[in-house]
Amino acid sequence: MSDLLERLRARGWRMTSQRRVVAEVLDGDHVHLTADEVHARAAERLPEISRATVYNALGELVLLGEVVELSTDGRAKRYDPNGHRPHHHLVCSGCGTIRDVRTAGDLLADLPAAERFGFTVAKAEVTYRGLCPACR
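Bear in mind the structure is a predicted one, so any value in this text is a computation, not a measurement.

Caption draft 1: Highlighting the side chain of Thr 34. Relative to the helices and strands, Thr 34 is located in strand S1 (residues 33–34). When residues no more than four places from it in sequence are discounted, the contact partners of Thr 34 are Ala 76, Lys 77, Arg 78 and Tyr 79.

Here you go:
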């Protein structure tokens, strides 16, 4: 069973066949699919799945905190199933490929108190941009 499916079962998420196939499509490292890509891949496994069902499942997964919704440079939103693991993103400015990256430093600790402007900072997100090997 996939890591995402195990986490969802542990949370008591009602596992219909449609929800299961959406979770299976999303599972894995470096997965950053658009809703349309999730729907296309889900439909290969479960032809009767509707686009609305996929959007609803994605919305629920985002609300649960199991999937992170990403928006980069005005492109279509993408869905990252690794929201449970702290990480940042490396984005290709050419083709839009997104990769997960894990850094050793603590971004919250690295933010000087004077630069917090009184905010209580809960999390930090970093996006590194550049060109992937294929676009270089």
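Once the structure has been displayed, the description carries forward.
Caption draft 2: Broad picture of the side chain of Asp 80. Considering the arrangement of structural elements, one finds Asp 80 in strand S3 (residues 78–80). Despite being buried, Asp 80 has no salt bridge partner; Arg 102 is the closest side chain of opposite charge, sitting 7.2 Å away. A distance of 3.4 Å separates the side chain of Asp 80 from the side chain of His 32, its partner in a polar contact.

Caption draft 3: Local environment of the nonpolar core. Counting residues in each nonpolar core, the largest one holds 22 residues, and the members touching the most others are Val 22, Leu 26, Val 38, Ile 49, Leu 58 and Leu 61. Of all the secondary structure elements, the ones that give two or more residues to this core are helix H1 (3–10), helix H2 (17–26), helix H3 (35–45) and helix H4 (51–64). Counting residues per element, this core draws most heavily on H2, which supplies five residues. In contact with Val 38, not counting residues within four places along its chain, are Val 22, Val 25, Leu 26, Leu 33 and Val 54.

Caption draft 4: Representation of the pattern of salt bridges within the structure. Tallied over the entire structure, the rule returns nine salt bridges. Measuring nitrogen to oxygen at the nearest pair gives 3.3 Å for the salt bridge that ties Arg 45 to Glu 24. You can see Arg 45 sitting in helix H3 and its partner Glu 24 sitting in helix H2, a full 21 residues away along the chain. Owing to a relative accessible area of 27%, Glu 24 belongs among the partly exposed residues under this scheme. The shortest N-O distance in the salt bridge between Asp 36 and Arg 51 comes to 3.1 Å. Of this pair, Asp 36 sits in helix H3 while Arg 51 is found in helix H4, placing the two residues 15 residues apart along the sequence. Linked by salt bridges that have partners in common, Asp 3, Arg 7, Arg 11 and Glu 66 make up one network.

Caption draft 5: Here's a closer look at the sheet that holds S1. What the three strands build is an open sheet, ordered S1-S3-S2; its pairing is antiparallel. With partners counted over all chains shown, the strands left at the sheet margins are S1 and strand S2 (68–70), one partner each. Where S1 and S3 come together, two bridges link them in antiparallel fashion. What sits directly across from Thr 34, in S3, is Arg 78.

How each quantity is defined
Residues numbered from 1 in each chain as written. Predicted model: local features only at pLDDT ≥ 70, side-chain atom pairs only at ≥ 80, totals over all residues. Heavy atoms only, no water. Helix = DSSP H or I, 4+ residues; strand = E, 2+ residues; numbered from the N terminus. Contact = heavy atoms within 4.5 Å. Buried < 20%, exposed > 50% of the residue type's maximum accessible area, 1.4 Å probe, protein only. Lys, Arg positive; Asp, Glu negative; His and termini not counted. Salt bridge = Lys/Arg side-chain N within 4 Å of Asp/Glu carboxyl O. Polar contact = N/O pair within 3.5 Å; in protein donor to acceptor, adjacent residues only side chain to side chain. Core = buried A, V, L, I, M, F, W, Y, C linked by side-chain atoms within 4.5 Å. Pairing = 2+ DSSP bridges.

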